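Each chain, letter by letter, is given below.
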Amino acid sequence: MYTTKTLQEEILKQKKEQDLCILAHAYQSQDIWEIADYVGDSYGLSRKAAQASQKTILMCGVRFMAETVKILSPDKRVILSHPQAGCPMAEQMSVQEVMELKKTYPGYALAAYVNTTAELKTVCDICVTSSCAVDVIRHMENQNILFIPDCNLGAWTASQVPEKNITLVSGGCPVHAGITVQDVQAMRAAYPEALVLVHPECVPQVTSLADFVGSTTEIMDYAKQSSAAAFLIGTENSIVQHLQFACQDKRFYALSKNCVCHDMKLTTLMDVYRCVCGSGGEEIVLSKEVRQKARQCLDAMLELSQ
């Protein structure tokens, strides 16, 4: 019978023998973090994959992330750790719906959150991530911008770039959107010394109460660098555990016990083991046309974010 330690040791052995690179999104569990080659946000991991020497990439995350890796590394074999790991936000809009929106808003540039399918990216002008959305939108030549699908990230971006005319579409992350003002009030009362750090996918009423708003990576960096001793974390609850490991002299609490991404939680350490042994996961296959068209909006983001 395997233990966590022996299973991790076997995964490390197998990935070396198979010349395989393991990417773990920040919302994966600590035991998966510990055997990954790189940990980070979706686009950051995709760029790491493109730079990796290995020809096979295992994405421990959700489907749109694995698709992004394939778009940026078309010559590499890309495996999604769990075939059912999707993203409710990425699946909220169809290509046809986006095409209708473009007709409704002629002359608008269409900016898509990276949390979208490869097919949806083929009909968008530019992508953004939670960490670069403000900079990218600010540096776009277009004055009128249609932002999809996360209206909460879009609203946060609009508040930081008031010089742009940003039109939002109803959609977003149901996990982050589930954090309420009442959650903030209750947790502040319980831990009055703690700073509130939240993700911009939270609703505007919540971000307005926060001490800091930023991407998952930015939240973690802020907590590590801050002189404060306690924090209320308003993003996927796995980050509480990761920060507890990283900063043992500080205290971290979930802003809402319900902020759990069940798609991220699908991937287990045993799933990773089966993937590195060649008996698990799903290989991501995208047509050349989809890869090339989807890459255009990713490249546009990269150009402006630099």
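Here the structure is shown first, and the text comes after it.
Residues numbered from 1 in each chain as written. Predicted model: local features only at pLDDT ≥ 70, side-chain atom pairs only at ≥ 80, totals over all residues. Heavy atoms only, no water.

Considering the environment of Thr104
One can find Thr104 in helix H5 (residues 95-104). Here the side chain of Thr104 touches Glu100 through a polar contact of 3.0 Å, landing on its backbone oxygen. (Helix = DSSP H or I, 4+ residues; strand = E, 2+ residues; numbered from the N terminus. Polar contact = N/O pair within 3.5 Å; in protein donor to acceptor, adjacent residues only side chain to side chain.)

Notes on the side chain of Ser238
Within the secondary structure layout, Ser238 lies in helix H13 (residues 238-246). With sequence-adjacent residues up to four places away left out, Ser238 is seen in contact with Ala26, Tyr27, Gln28 and Lys265. (Contact = heavy atoms within 4.5 Å.)

Let's talk about the packing of helix H3 (residues 42-51) against helix H4 (residues 63-72)
Any two packed helices are characterised by how steeply their axes cross, that is the angle between the axes, and by the distance between the axes. Interhelical geometry of H3 versus H4 gives an angle of 35° and a closest axis separation of 9 Å. Once H3 is placed against H4, the crossing between them reads as right-handed. Within the contact between the two elements, H3 uses Ser42, Tyr43, Ser46, Ala49 and Ala50 and H4 uses Phe64, Met65, Thr68, Val69 and Leu72. (Axes fitted to C-alpha atoms, helices over the stretch in contact; angles between N-to-C directions. Left-handed = near helix turned anticlockwise from the far one by under 90°.)

Points about the sheet that holds strand S5 (residues 109-113)
Pairing is parallel in the open sheet, where four strands are placed in the order S6-S5-S7-S8. With partners counted over all chains shown, the strands left at the sheet margins are strand S6 (126-128) and strand S8 (165-168), one partner each. Here the average twist between neighbouring strands, direction ignored, is 30°. Where S5 meets S6, three bridges bridge the pair, whose relative direction is parallel. Among the inter-strand pairings, Ala112 is bridged to a residue of S6, identified as Cys127. Those strands touched by helix H8 (residues 151-160) are S5, strand S7 (144-148) and S8, and its axis lies near 165° from that of S8. (Pairing = 2+ DSSP bridges.)

Re the nonpolar core
Formed by 81 residues in total, the largest nonpolar core has its most connected members in Ile137 and Ile233. The biggest single contributor to this core is H4, with six residues. Once residues within four sequence positions are removed from consideration, Ile233 is found in contact with Leu197, Ile219, Ile239, Val240, Leu243, Phe252, Tyr253, Ala254 and Leu255. (Core = buried A, V, L, I, M, F, W, Y, C linked by side-chain atoms within 4.5 Å. Buried < 20%, exposed > 50% of the residue type's maximum accessible area, 1.4 Å probe, protein only.)

Quick notes on H13
Turning to H13, its buried residues are Ser238, Ile239, Val240, His242 and Leu243. Lining the buried residues of H13 we find helix H2 (30-33), helix H12 (216-225), strand S11 (230-234) and strand S12 (251-254).

Examining the sheet that holds strand S3 (residues 56-60)
With mixed pairing, the five strands of this open sheet are ordered in space as S2-S1-S3-S4-S13. Looking at strand neighbours, the two that pair on one side only are strand S2 (38-40) and strand S13 (282-283), the edges of this open sheet. Packing of H4 onto the sheet brings it into contact with strand S1 (20-25), S3, strand S4 (77-80) and S13, and relative to S4 it is tilted by some 175°.

Some remarks on the pattern of salt bridges
All chains considered together, the criterion is met by eleven salt bridges. Here Lys15 and Asp37 are joined by a salt bridge, their closest N and O atoms 3.1 Å apart. Here Asp37 lies in the loop between H2 and S2 and Lys15 lies in helix H1 (residues 4-17), a separation of 22 residues in the sequence. On the basis of relative accessible area, Lys15 is assigned to the buried category, the value being 11%. Across the salt bridge formed by Asp211 and Arg188, the nearest N and O atoms sit 3.2 Å from each other. Of this pair, Asp211 sits in the loop between helix H11 (204-207) and strand S10 (212-213) while Arg188 is found in helix H10 (residues 181-190), placing the two residues 23 residues apart along the sequence. Overall, Asp211 belongs to the partly exposed group, its relative accessible area being 38%. Taking relative accessible area as the criterion, Arg188 reaches 27% and is therefore assigned partly exposed. Where salt bridges share partners, they join Asp135, Arg138 and Glu163 into one cluster. (Salt bridge = Lys/Arg side-chain N within 4 Å of Asp/Glu carboxyl O.)

Notes on helix H14 (residues 269-276)
In terms of burial, H14 is a largely internal element, six of the eight residues being buried. The secondary structure elements touched by the buried residues of H14 are H1, S1, H2, S3 and S4. Taken from the residues just after H14, Gly278 is the one with a positive phi, measuring 85°.

Observations concerning unusual backbone geometry
Residue Ile148 is joined to Pro149 through a cis peptide bond whose omega torsion reads -15°. Non-glycine residue Asp19 carries a positive phi angle of around 50°. Residue placement: Asp19 occurs in the loop between H1 and S1. Residue class for Asp19 comes out partly exposed when judged on its relative accessible area of 42%.

Comments concerning the packing of H4 against helix H15 (residues 288-305)
Between H4 and H15, the shortest axis-to-axis distance is 9 Å and the interhelical angle comes to 95°. The orientation of H4 relative to H15 falls into the category roughly perpendicular. Residue-level inspection shows Thr68, Lys70, Ile71 and Leu72 of H4 in contact with H15, the latter providing Arg291, Ala294, Arg295 and Leu298. A class-by-class count of the residues in the contact of H4 with H15 yields four nonpolar, one polar and three charged. (Parallel < 35°, antiparallel > 145°, perpendicular 65-115°, else oblique. Nonpolar A, V, L, I, M, F, W, Y, C, P; charged D, E, K, R; others polar.)

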